Structure formats: structure tokens, C-alpha cells
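Understanding the architecture of this molecule
Residue strings, one per chain:
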Amino acid sequence: MMGIHEECGVIGVFAPGSADVASMVFGGLFALQHRGQESCGVVVNDDGVFASHKDLGLVGEVLTPEVLARLPRGSMAVGHVRYGTTGARVRANCQPIEVNHRKGRMALAHNGNLSNADELRCALELAGAIFHTTSDTETIAYLVTRERLRCPSIEDALSAAMTEIAGAYSLVLMSPQKLICARDPHGFRPLCYGVTDEGVYVVASESCALAAVGARFLRDVVPGEIVVFTAEGPQVRREHCQSTPRASCVFEYIYFARPDSVVDGVSVHAARLRAGAILAEEHPVDADVVVGVPDSGLDAALGYARASGIPWGMGLVRNRYVGRTFISPGQSARLDKVRLKLAAMGECVRGRRVVLVDDSIVRGTTARRIVGLLREAGAAEVHLRISAPPFLHPCYYGTDIDSEEHLIACRCSVSEIARELGADSLGYLPVERLGELAGGAGVCAACFDGRYPTAVPACAPKNRFERKLSVGE
């Protein structure tokens, strides 16, 4: 809630025969809307002929009933919702990306961020590639297309491309005959698939999207795995699975994923309850009520209340018609949106000592305003508890934290942050206990502890491919 940006959500549908696959993608993207609110798109495969619609905006604004009615029935479709971590907010960067080449058409939707995108793109440009977007997804598309010209199948081409790309990628790829999904060997971003009673296979970033379209969850895609869906059913390739330790992004459990999703066998709701319980254990306080910041702070607040014995209360109400604060392009807009989005419940907090639970603090601007809302509503004390450790390092794998310059924890101690935010006390989740949220599985916590699973890129700002060239370049 407090300023973290996520990147994308993907979905793919493979139907036996012909079906209204565009409507299924619409339903899945609607369930994944929390993962990206900049743009969305869908590509339908009707017997090898691709039809698509992509634009800036929310799913319901872009994929209107009129648009869906114009899209054909088909045997396959891929869809995407975007919050860009590489590339500007322009229509050209909307996904899925479509490629028409000598071996046939391809559509690609990608969730994640390549840590070596800059060097790969530079090499491709020097070899003559002409890029039409500033998204690193196009880099993946170029590599797969290049390999397809010398590989016997599209899945072989994808496997060859995976030997070159580094960082986070969960993707779905559609050729004229096949739907393919793949997950990077570290498993940074989630990916799973299921099947409907009619035998339609659905691949999605989160299990909540499967449920939204009536698909039964089958399993998560294993890190490094390639799954190929054809008329003969799913076929699995695991040549990239054995060499790399798992490093799933722990912030999927803290913030990104929907609470009703299950990521790598762990309930997101249960993980957030656990985070709240750890906070109560590590940072107890005498208080009268526990309040969660809607929406991602609510589960952790409930966990804190249960573990501490302090009653839970609805101290903040969210306006459902205002999007996440990260949609605002600038700091001033973010400030204005806090009051539009949240209102304090005076009868819950007036004259009471409040434990305020949220998922993170980045700059501190939003947190300060929320504490102020509770003060204005009459809270006697506000004790802030955060279900993540302090952000100290940039992320290169899809979370939009690309500089230490604005991270409040990089310039202030915990007590100083509490004073700056107007809180009576502040407690963070200890970084050494993060693994408990994911059931003990390996997680990436580099934005907290600086331990990166891959090589750190030399150039990584979000707008690096939009920069103006200097004289002589």
C-alpha cells in the first residue's frame, strides 16, 4: 500500500477445439488486475490467425464488451496486465508482444525483469535488431525468434533463449499450434496452471485467476521448468531446473499476490497472518486496538491481533473507486490520493492506543499521511508495525525500487523514521524471519539484505531505454 510498485500479470488459455478464449482471458486478467494497472491486452489464436487488442488502462476499460465481441473464438489466447518496471507508460509497451517471422507468428506475455536486459539489447542492436518498444519483454521475443530460425521447435528455441537471459521471468508464449509457459530457474515470480471441467488448460501468474475462470488448480510451474500445451496435453521440460537455488520474491507473500492465492504451495493469507504474529512477538506494545491499512495490511493486522490478544478494529476505510497509490506518476499526486483513498473511523480509534499494521515503508510519505489521518480522528497513540523489513537496496527483478536515494531507511534510523512519520513507535519484521512466511522455502530478500541471487547490472534505471543520446552516440 505504501508506494511499492509491481510489474505484471500473465495468463494463457489452451482450449480443445474452438472456445470463447478471449472472455476467459478477460476473467483471468480481471482477477490479476492488482498486479498491473497501466495497461492490458489479449491475443487470440484462431487456427493460426492472430487477433489482438491492447491499450493503456484497466481491464474493464480496455477489454470492453464491444471489444470482446469483435475478437474471434479460438483454440488459444494469451493476456497481460502491466505495471512497467522497464519501459515507459506508452501504448507501444502494451503486451502481449506479437512477432511475425519466417517460422510463423508468436505472441509473448512476460512478468518480471531481466537483470541483463541492457547488455542483451545492446548486442542485439549491434547485430541489426530494431526495437519497437522499450520493454525488456521485446528482448526475450528477439532471442526466441532468433533461436527459432535454427531450432526444430518453438520450445527448443525458448530453452536456448533461457540460457542467455538472467533475472526474473514468468512468461506465456503462443505459437500457431502451441501454448508454452516458462519460469526462470530461481522462481522469482509465481506461475501456475490448472484445467476446467471441459479440458481447457489455463496458465496464470496466480491461482486466484484460475478460480476466476472456473479452472481447477493443478500445480505451480517449477522454477526453470518449461510446460508445453498441445492437443496431446501438457508436456514438461526441466533442463533448466537443477542448477540454481530457489529465490522466490518474498514480497509476493507480503504484498503483491492476492490473499486468496496459493503461491508455491503456501497460502498468501496464511503467510500474512504469520507476518502479523511475528510482529506481535518481536514488537509487543500496550494498546487498545489493532488496525490494518487496506488491503494488504489487513491480514497481517489480524495476525497481530490474534497473537497479541489486542482486539482488531476497522480503523481505516478504503474508497474502492480509487486505484492503488502507485498509479500516481508523481509525489504530489500520491500525496493527494491518500486522503481520497482512505478515511479514518473515529469511533474505532478516538481516545485509543492504536497499533497500525501495514506491509512496507518506502519513502515514508504515504505512511506519514495515514498516521496523520488517525491522529486527526482522535487516536491517543499510533504504534506503526510493518510486515516487511526496511528497504535498503534496489530491486532488479521486477519490484519498482531502482534507487536508494529516496528510501527513508537508508538515511534514518528506526527511531528517526518513527519521529518523521509522527508515530509513537515503529517495528519492522526481522529480515532473518522472512523465510517463515514462505514455509521455509528459499526466498529472495535482496531489497532488504543486499544479497542478490544474480549478478547486479551496471545500468538498471527503469527509463534506461528512453534516455536521450548524447552528442556522438
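One structure accompanies this document, and this report is about it. (Residues numbered from 1 in each chain as written. Predicted model: local features only at pLDDT ≥ 70, side-chain atom pairs only at ≥ 80, totals over all residues. Heavy atoms only, no water.)

1. Some words on the packing of helix α5 (residues 136–148) against helix α6 (residues 154–162)
Our working rule: Axis angles are defined between N-to-C directions and span 0 to 180 degrees, where every axis is a line fitted to C-alpha atoms and, for a helix, only to the segment in contact. Helical segments are the DSSP runs of H or I of at least four residues, strand segments are the runs of E of at least two, and each set is numbered from the N terminus. Put simply, angles under 35 degrees are roughly parallel, angles over 145 are roughly antiparallel, angles from 65 to 115 are roughly perpendicular, and the rest are oblique. Crossings are sorted by hand: turned counterclockwise from the far helix by less than a right angle, the near helix makes the crossing left-handed, and turned clockwise it makes it right-handed. We call two residues contacting when some pair of their heavy atoms lies within 4.5 Å.
One way to put it is that α5 packs onto α6 with a least axis distance of 8 Å and a crossing angle of 125 degrees. In terms of axis orientation, α5 runs oblique to α6. For the pair α5 and α6, the sense of crossing is right-handed. Taken together, the residues of α6 that come into contact with α5 (itself represented by L143, V144, E147 and R148) are I154, A157, L158, A160 and A161.

2. Quick notes on the environment of V21
Worth spelling out the cut-off: Using a 1.4 Å probe on the protein chains alone, a residue whose accessible area is under 20% of its type maximum counts as buried, one over 50% counts as exposed, and one in between counts as partly exposed.
Residue placement: V21 occurs in helix α1 (residues 21–31). The class of V21 is buried, set by a relative accessible area of 0%. Sequence separation between V21 and G364 is 343 residues, and the spatial gap between their C-alpha atoms is 43 Å. Leaving out residues up to four positions away in the same chain, V21 has contacts with V13, A15, V44, G74, S75, M76 and A77.

3. Topic: helix α10 (residues 298–308)
Considered for burial, the residues of α10 that qualify are D299, A300, A301, G303, Y304 and A305. Considering only its buried residues, α10 is in contact with α9 (268–282), β17 (289–292), β20 (353–358) and β21 (381–386). G309 occupies a position one or two residues after α10 and carries a positive phi of about 80 degrees.

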